[in-house]
Amino acid sequence: MTTAVERQGAFVFKGGPVTLLGPEIKVGDTAPNFTVVGGDLSPVTLDDSKGTVRIISVIPSIDTGVCDAQTRRFNEEAAGLEGVTVLTVSVDLPFAQNRWCGAAGIDKVKTVSDHKDLSFGTAYGVAIKEFRLLSRAVFVIDANDKVVHAEYVAAAGEHPNYEAAIAAAKAAK
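Residues numbered from 1 in each chain as written. Predicted model: local features only at pLDDT ≥ 70, side-chain atom pairs only at ≥ 80, totals over all residues. Heavy atoms only, no water.

Under an unreviewed UniProt entry, the name given to the protein chain is Thiol peroxidase, and the source organism is Brevibacillus parabrevis. Its UniProt record gives the protein chain a comment under Sequence similarities (unreviewed entry), which states: "Belongs to the peroxiredoxin family. Tpx subfamily." Of the protein chain, the UniProt comment under Subunit (unreviewed entry) reads exactly: "Homodimer." (UniProt positions renumbered as here; feature names shortened; annotations may be inferred.)

See the structure below:
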């Protein structure tokens with residue numbers, strides 16, 4: 001697993017700094033396309049939701065406390081965001097994501113897996129080199145594929161700024 005860009009110490013995981021693979025995406029950038037795996041094992045790309053505002057919530061693993069809370073929060077917020085697509089991306093297998101969503105009653109957020117080739121993780125600079133997981137981040141992409149909000153959370157145990165992401169999605173509609 002190699003990429004041209006390595007950002008050493010860009011995220012804290014398990015109490016220490018880790019290296020993130022890929023570029024740091026910034027507001028104003030054109031959102032990179034990616035291919036991840038949906039719950040039915042079909043490919044999912046950014047282009048699949050073209051023409052809508054997208055919130056992409058990135059988590060290390062659906063089976064941890066903060067990731068659970070982050071996914072539940074965006075699911076609640078998504079209920080009031082007509083015309084906004086909300087994706088949660090992790091490297092959890094689609095089977096685990098489906099099981100968790102069913103048990104948690106998650107029905108507004110679409111969980112997708114980057115386990116296959118870290119296409120999303122390396123395109124958005126959130127792939128953790130040392131653990132082959134994704135760091136915590138939130139991106140909001142407008143209907144024209146421009147990034148209107150990008151937050152790389154500093155450490156695995158911290159929450160993103162939900163209000164800022166929701167406000168950016170509402171402003172982009």
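K.L.:
Talk me through helix 1 (residues 65–78); I want residue IDs and the actual numbers.
P.N.:
Residues lying three or four places apart along an α-helix face the same way, a consequence of the helix completing one turn every 3.6 residues. A rise of 1.5 Å per residue sets the reference length of helix 1, with its 14 residues, at 20 Å; its end C-alpha atoms lie 20 Å apart and thus fit the reference within 8%. If you check which residues of helix 1 are buried, you get Val 66, Cys 67, Asp 68, Gln 70, Thr 71, Phe 74, Asn 75 and Ala 78. Looking at the packing, one finds that the buried side of helix 1 touches strand 5 (53–58), strand 6 (84–90), helix 2 (94–104), strand 10 (137–141) and helix 4 (162–172). (Helix = DSSP H or I, 4+ residues; strand = E, 2+ residues; numbered from the N terminus. Expected span 1.5 Å × (residues − 1). Buried < 20%, exposed > 50% of the residue type's maximum accessible area, 1.4 Å probe, protein only. Contact = heavy atoms within 4.5 Å.)

K.L.:
Go over the environment of Pro 160 with me, naming the residues and quoting the values.
P.N.:
For Pro 160, the position within the fold is in the loop between strand 11 (147–152) and helix 4. Owing to a relative accessible area of 6%, Pro 160 belongs among the buried residues under this scheme. In the structure, Pro 160 is positioned 94 residues away from Val 66 in sequence and 9.7 Å away in space, judged by C-alpha atoms.

K.L.:
Could you give me a rundown of the pattern of salt bridges, with the residues and numbers involved?
P.N.:
Under the counting rule described, the total for this entry stands at eight salt bridges. As a salt-bridge pair, Lys 129 and Glu 6 come within 3.0 Å of each other at their nearest N and O atoms. Of this pair, Lys 129 sits in the loop between strand 8 (127–128) and strand 9 (133–134) while Glu 6 sits in strand 1 (residues 6–13), and the two are 123 residues apart along the sequence. Owing to a relative accessible area of 34%, Glu 6 belongs among the partly exposed residues under this scheme. The salt bridge involving Arg 73 is made with Glu 77; its shortest N-O contact spans 3.0 Å. Taken together, the residues span about one helical turn, with Arg 73 and Glu 77 both in helix 1 at a distance of four residues. Arg 73 gets classed as partly exposed once you look at its relative accessible area, which sits at 24%. Since its relative accessible area comes to 24%, Glu 77 is described here as partly exposed. Among the charged side chains, a salt-bridge network with shared partners connects Lys 50, Arg 54 and Asp 145. (Salt bridge = Lys/Arg side-chain N within 4 Å of Asp/Glu carboxyl O.)

K.L.:
Explain the packing of aromatic side chains residue by residue, including any values.
P.N.:
All told, the structure shown has eight aromatic pairs when counted by the stated rule. Arranged with centres 5.4 Å apart and planes meeting at 65°, the rings of Phe 74 and Tyr 162 form a pair that is edge-to-face. You can see Phe 74 sitting in helix 1 and its partner Tyr 162 sitting in helix 4, a full 88 residues away along the chain. Note on accessibility: Phe 74 and Tyr 162 belong to one class, buried. Site record: aromatic cluster; members linked through ring pairs are Phe 34, Phe 120, Tyr 124, Phe 139 and Tyr 152. Lying over the aromatic face of Tyr 152, Arg 7 brings its terminal NZ or CZ to 5.1 Å of the ring centre. (Phe/Tyr/Trp six-rings, centres within 6.5 Å; stacked < 30°, edge-to-face > 60°. Lys NZ or Arg CZ within 6 Å of the ring centre and 35° of its normal.)

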